[in-house]
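Next come the chains, spelled out residue by residue.
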Amino acid sequence: MPITAETFQFLADLERNNSKDWFEANRDRYEAHWKSAAFDLIDVVAPFFESLSPALKSEARVNGSLRRINRDVRFSKDKTPYNARLHLIFWTGAHPNRSPAIHFVLQPDGIGYGAGAFGLDPATLKACREKIISTDDGAGLVAALEEAK
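Let us look at the structure shown here. Keep in mind the model is a prediction, meaning the values are calculated, not measured. (Residues numbered from 1 in each chain as written. Predicted model: local features only at pLDDT ≥ 70, side-chain atom pairs only at ≥ 80, totals over all residues. Heavy atoms only, no water.)

### Points about the packing of aromatic side chains
The condition that has to hold: Think of it this way: a Phe, Tyr or Trp ring, Trp meaning its six-membered ring, pairs with another when their centres are within 6.5 Å, and the plane angle makes it stacked under 30 degrees, edge-to-face over 60, tilted otherwise. The cut-offs for exposure are 20% and 50% of the maximum accessible area for each residue type, with area from a 1.4 Å probe on protein chains only; residues under the lower value are buried, those over the upper are exposed, and the others partly exposed.
Tallying each qualifying case throughout the model produces eight aromatic pairs. Centroid distance Phe48 to Phe49: 5.5 Å. Interplanar angle 55 degrees. Geometry classified as tilted. Taking the relative accessible area as the measure of exposure, Phe48 reaches 53% and is therefore exposed. Here the aromatic cluster, defined as three or more aromatic residues joined through ring pairs, consists of Phe23, Tyr30, Trp34 and Tyr82.

### Some remarks on helix α3 (residues 27-50)
Counted only if it meets this: Secondary structure elements are taken from DSSP: a helix is a run of H or I of four residues or more, a strand is a run of E of two residues or more, and numbering for both begins at the N terminus. Here the expected span of a helix is defined as 1.5 Å times the quantity of residues minus one. One fitted axis covers the seven residues ending at a residue, a second covers the seven starting there, and the bend at that residue is the angle between these axes. Note on contacts: a residue pair qualifies if any of its non-hydrogen atoms lie within 4.5 Å across the two residues.
Between its terminal C-alpha atoms α3 stretches 32 Å, which fits the 34 Å expected from 24 residues at 1.5 Å a residue. Taking the largest bend as the criterion, α3 deviates by roughly 35 degrees, centred on Val44, and proline Pro47 comes between one and four positions later. Taken together, the buried positions of α3 are occupied by Arg29, Tyr30, His33, Trp34, Ala37, Ala38, Phe39, Ile42, Ala46 and Phe49. Looking at the packing, one finds that the buried side of α3 touches α1 (5-16), α2 (20-25), β1 (86-91) and β2 (101-107).

### Some details on unusual backbone geometry
A cis amide bond links Ser53 to the next residue, Pro54, at an omega of 0 degrees. Tracing the sequence through the fold places Pro54 in the loop between α3 and β1. We note that Asn63 has phi near 70 degrees; this positive angle belongs to a residue other than glycine. Summarising the element assignment, Asn63 is placed in the loop between α3 and β1.

### Let's talk about the side chain of Ser65
Along the chain, the position of Ser65 falls in the loop between α3 and β1. With near-sequence residues (within four places) excluded, Ser65 lies in contact with Ile42, Lys57, Ser58, Glu59, His87, Leu88, Ile89, Phe90 and Trp91.

### Description of the pairing of strand β3 (residues 110-116)
Where we set the bar: Between any two strands, pairing holds if DSSP finds at least two bridges.
As paired strands, β2 and β3 are joined by seven bridges and run antiparallel to one another. Considered in β3, the bridge of Ile102 is made with Ala115. The loop that links β2 with its antiparallel partner β3 comprises two residues.

### Some remarks on the pattern of salt bridges
Stated precisely, the cut-off is as follows: The term salt bridge refers to a side-chain nitrogen of Lys or Arg lying within 4 Å of a carboxyl oxygen of Asp or Glu.
Throughout the structure, instances matching the rule amount to 10 salt bridges. Here Asp13 makes a salt bridge to Arg16, at a shortest N to O gap of 2.4 Å. Placement of the pair is Asp13 and Arg16 together in helix α1, with a separation of three residues, close to one helical turn. Given a relative accessible area of 13%, Asp13 falls into the buried group. Here Lys149 ties to Glu146 by a salt bridge, and the two come within 3.3 Å at their closest N and O atoms.

### A look at a nonpolar patch on the surface
Note the following rule: Think of a patch as exposed residues, more than 30% relative accessible area, with no salt bridge, where like charges cluster within 9 Å and nonpolar side chains (Val, Leu, Ile, Met, Phe, Trp, Tyr) cluster within 5 Å. The accessible surface values rely on the Shrake-Rupley method and a 1.4 Å probe; as for residues, cover is taken only from the protein chains in view.
A contiguous nonpolar patch, built from Ile132, Ile133, Leu141 and Leu145 and spanning about 410 Å² of accessible area, is present on the exposed surface. Secondary structure elements with two or more residues in the nonpolar patch: α4 (122-133) and α5 (135-148). If you trace the backbone, Ile133 turns up in helix α4.

As C-alpha cells, then:
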C-alpha cells in the first residue's frame, strides 16, 4: 500500500491520541498506512538511491530505513509513547545512525527532509569543527551555504 492521505490522517490522529490504548485499538491502521506504506516507498526509491555515487543504502525494515514509531522516554519529561511522524533514512556508510544520510520525515502537517551526519565519533567531530573554523575552509563553507540558498 502506498503513502496516502490515510498515512497523514493516522499521524494526525496519533498526535491527538498518543497513548498505548489508542495505538493498540488502531494497530491495523499503523500496519497498513504507516509500516507497510513506508516499506513500499523504500522499495520503490531504493533502486534510484543505489544508483547514486556514493550509493545510498536502504533496508525496508524498522530500525533499517524506517525509524521506529516508539519513543525512548527514559530520560524525557515528555512521556508520550509514540512519534507522530514517519521517518525514513537512506545512508552511505556501514550504519544508518553513524553515517552520512538523507532523511525524509512525514508529519501530520507535511513533509520534511534533510541530509548530513549525526553521532560522529570524537575524532571526526573535532576534525569537522576545525575545518569549519579554519579561515580557508570556513570561508568556502559559508560561500557554499550562500549559494545553496
